[in-house]
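These are the residues of each chain, in order.
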Amino acid sequence: MKNNLFIRVDSSSEIGIGHMMRCLTLAQELKNNFDKIIFLTQKDSGDFIGTIMKNKFEVIFIPTTNNDPDIIKNLITTYSENKNFLLIDHYDIDSNFESSLKNIFERIFVIDDLANRKHDCDLLIDQNYYRDLNHRYEKLIPNNAITLLGPKYAIIRSEFRSVNKKIIKKNSQVKKILVSFGGSDPTNECKKTLDALCSIKNSQFEIIVVAGIYNHKFEQLQKLYEKYSSIKIYRHVNDLSRLMLDSDLFIGAGGTTTWERFYMGLPSIVTIISDDQKESTEFLSHMGHIINLGLAKNVTSKTYVQTLQKPNSDLIYNMSLHNQKLVDGNGSNRIKKQIIELINDA
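Residues numbered from 1 in each chain as written. Predicted model: local features only at pLDDT ≥ 70, side-chain atom pairs only at ≥ 80, totals over all residues. Heavy atoms only, no water.

Considerations on the pattern of salt bridges
Evaluated as defined, the whole model comprises 20 salt bridges. For Arg-117, the salt bridge identified is with Asp-112, shortest N-O distance 3.2 Å. Residue classification places Asp-112 among the buried residues on the basis of a relative accessible area of 1%. For the salt bridge of Arg-157 with Glu-159, the shortest nitrogen-to-oxygen distance reads 3.9 Å. Of the residues examined, Arg-157 reaches a relative accessible area of 14% and is grouped as buried. Connected through shared salt-bridge partners, Arg-22, Asp-89 and Asp-113 make up one network. (Salt bridge = Lys/Arg side-chain N within 4 Å of Asp/Glu carboxyl O. Buried < 20%, exposed > 50% of the residue type's maximum accessible area, 1.4 Å probe, protein only.)

Structure representation (structure tokens):
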């Protein structure tokens, strides 16, 4: 009997690409353990569909109107003779949706980081770092559900794990800065940051900006800063690991690349661009892992200038060391092992 993994996830200019990226990473990790891996996604995910299919995974489009479990039931009737498993990474899905699919799927796996709703799942994964990490889901999941919580289970893309980690040096100067605020940059932080960097007198920074695949202001950014030879702006790159390795400092959001930055030992200045990033970003800052500038609506170019004018080399050095210790890069493999156990028990 065949084993199939269905993955319910979306990406768009509103929700960004983080959910899709971590699901794609896990799919790549699990591709030899399932006969088929099939993404169930809305057509708004269009910019990412090519990436999914290039990795030889199937895609089934679902209507954009709602998360109706009956739609999923109808879609997988073709696979009713197989053993089917479901992975969900979606803030609009909760236990009501999951419970109605319990008799359709052998096991249900959930990725979450909000802990704001109940789940009816067999496995819950939350790679983020919180003060109450081990108690966050106590009343939100079944008693027999397995939890994989914290940066020990950080989902790191294979491109990062295949490069040598950054060698951390004390008293090193900040020369190369990498800027990225996720897949869409809804609050236009790239412009605020570039305005700040361009206003610092006698600075000799080399700046690379990854604007984001859904960033509607990409062309505007290119025109605004084309006269600066020290600034390079890309919409999307396939070698973010190399860019991180070559950079001395990262300025960006508190999304899924947080853990890739930590793994690489790249120190970060972070602005919170969405509510789901707030709790984890504030705790990481409290623990000395990042410099947190706060909510994007309160951050201006002047905020970036004040932070960048006098970089604290000791702080940057300690951040890099602590971050590499927190994320060892084996999170995806640990998740894979647990999923395989659950598959074999099904």
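Observations concerning the nonpolar core
Counting 33 residues, the largest nonpolar core has Leu-5, Ile-7, Ile-37 and Phe-39 as the members making the most contacts within it. Mapped by element, the contributors of at least two residues to this core are strand E1 (3–9), helix H1 (18–30), strand E2 (36–42), helix H2 (46–54), strand E4 (83–89), strand E5 (107–111), strand E6 (123–126) and helix H13 (331–345). A total of seven residues in this core trace back to one element, the largest contributor, which is H1. Counting residues in hydrophobic clusters, the runner-up holds 31 residues, among them Ala-196, Ile-200, Ala-211 and Tyr-225. (Core = buried A, V, L, I, M, F, W, Y, C linked by side-chain atoms within 4.5 Å. Helix = DSSP H or I, 4+ residues; strand = E, 2+ residues; numbered from the N terminus.)

On their own, these measurements won't tell you what the molecule is for.
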